[in-house]
Amino acid sequence: MFGLDCEMVTTARGLELARVTVVNQLHKVVYDSLCKPENEITNYNTKWSGITEDMLKNVKKNLKTVQQELCSIMHREDILVGHSLENDLLALNIVHTRVIDTAVLYPHPRGPPYKNSLRKVVEKYLNRAIQVQNDEQTEGHDSTEDAIAALELAQLKIKNGPRFGVEDSRCQELFKILHGYRKTMALYANSKVLRMLASPVNSVSAVDCKDDDQQVLKKAAAGVTNGKYQLSVCHLTSFANPPSTAKLKKLDEGLMQLFKCAPRNTLFIVTTSQGPSHEVQALNQEQLAATKKGISWPLEKSRALKIAHQKARSGVVFATIKRLAQGQIPKCESKDPTPQNDP
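Just so it is clear, the structure is predicted and the values come from calculations on it, not from any experiment.

Calculation notes
- Residues numbered from 1 in each chain as written.
- Predicted model: local features only at pLDDT ≥ 70, side-chain atom pairs only at ≥ 80, totals over all residues.
- Heavy atoms only, no water.
- Helix = DSSP H or I, 4+ residues; strand = E, 2+ residues; numbered from the N terminus.
- Buried < 20%, exposed > 50% of the residue type's maximum accessible area, 1.4 Å probe, protein only.
- Contact = heavy atoms within 4.5 Å.
- Areas by Shrake-Rupley, 256 points an atom, 1.4 Å probe, with all protein chains shown as cover.
- Pairing = 2+ DSSP bridges.
- Axes fitted to C-alpha atoms, helices over the stretch in contact; angles between N-to-C directions.
- pLDDT = per-residue confidence, 0-100.
- Salt bridge = Lys/Arg side-chain N within 4 Å of Asp/Glu carboxyl O.
- Patch = residues over 30% accessible without salt bridge, like charges linked within 9 Å, V, L, I, M, F, W, Y side chains within 5 Å.

Draft legend 1. Local environment of the overall build of the chain. In terms of helices and strands, the chain carries 13 helices and 11 strands. Residues classed as buried in the chain amount to 37% of the 343 residues present. Long-range contacts, defined as pairs at least 24 residues apart, comprise 60% of the intrachain contacts of the chain with a sequence gap of at least 6. For the chain, the accessible surface area stands at approximately 21300 Å², while carbon and sulfur atoms represent 52% of it.

Draft legend 2. Quick peek at the sheet that holds strand E9 (residues 231-234). Here we have three strands laid out as an open sheet, ordered E8-E7-E9, and parallel in their pairing. Looking along the sheet, the strands with just one partner apiece sit at the ends: strand E8 (204-208) and E9. Direction aside, neighbouring strands of the sheet carry axes that sit 15° apart on average. Relative to E9, strand E7 (residues 185-189) runs parallel, the two being bridged by four bridges. Residue pairing across strands places Ala 186 opposite Ser 232, the latter belonging to E9.

Draft legend 3. A look at the confidence of the model for the chain. For the chain, the mean per-residue pLDDT works out to 83, and 85% of the residues sit at or above 70. This stretch, residues 333-343, has a pLDDT under 50; its non-local contacts, to residues over four places away or in other chains, come to 15 contacts.

Draft legend 4. Main features of the pattern of salt bridges. Applying the stated criterion across every chain, the model contains seven salt bridges. Between Lys 61 and Glu 69 there is a salt bridge, with the nearest N and O atoms lying 3.0 Å from each other. Between Glu 152 and Arg 128 there is a salt bridge; the shortest N-O distance is 2.4 Å. Of this pair, Glu 152 sits in helix H7 (residues 143-160) while Arg 128 sits in the loop between helix H6 (118-125) and H7, and the two are 24 residues apart along the sequence.

Draft legend 5. Layout of a nonpolar patch on the surface. A cluster of nonpolar residues, Leu 267, Ile 269, Val 317 and Ile 321, forms a patch on the protein surface that exposes about 390 Å² of accessible area. Listed by contribution, the elements that provide at least two residues to the nonpolar patch are strand E10 (267-271) and strand E11 (317-321).

See the structure below:
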């Protein structure tokens, strides 16, 4: 297991590698090298990278040489550890499948796209300060210090278990809250989602509907009609990438039927959770193929991938409260035909 940290400078092509440091599991430096970017440097980013013009003035080593030297030290079976490791691997232009990212191990309490800084996580869980300016280092990060810190955090997580470092959200789980009020609930989804969203409270019924949205909506409508549950949560796949007109039309019909079956004053919410990710997946595959062939990933493609990520993180929510006119009865409600007055 190796800890890895890279420092980058800005060039005409974008961010390029300027320094890379690797430490072993005993926190000893096994590789530390400066790297001359291929393109003209427009910003040394000294405030963050610690790289100056003088440091790179006489450096001859290029990215290809750095890659060869790293491959002589590390092998495909080794585990690479870093913080926001994707940035380092992109700068190195290498693919490695066995990785540990401490930005994922110690997630931000607000969830993606937010990330905890390495400095904050180290201060909280290792009880020390890093990236602190001193007499010898007036600006920038120390890549050795950061690589060791990321490795220590990963080792600490392994020692204490998967829940260590995962902060509880400020919001309580909805199922637990309603359970406290003795409400009955149902979750309609396929078996994989049911296992993922399983609730420890016994007042939640898990209803397996395979991968069929029509079954989800049909069973949910039946549960709503007989008044068995006060909360029904349906997990639908009709927004799967890429969404089709036919799937969305069937979804709309199923939702309308479910809405008709719901009693008056029902809060009805439809959310996509997140936006479509098929563009992100396509660009990721294209980037991976380019990296394997040793082709530089264009700056415009990186920008397109960033925009696609932002779109994928943006969801849509529709919410309404079902109100009926005086004397109107939902088609699915047959137990009590007597009209009710609005409160």
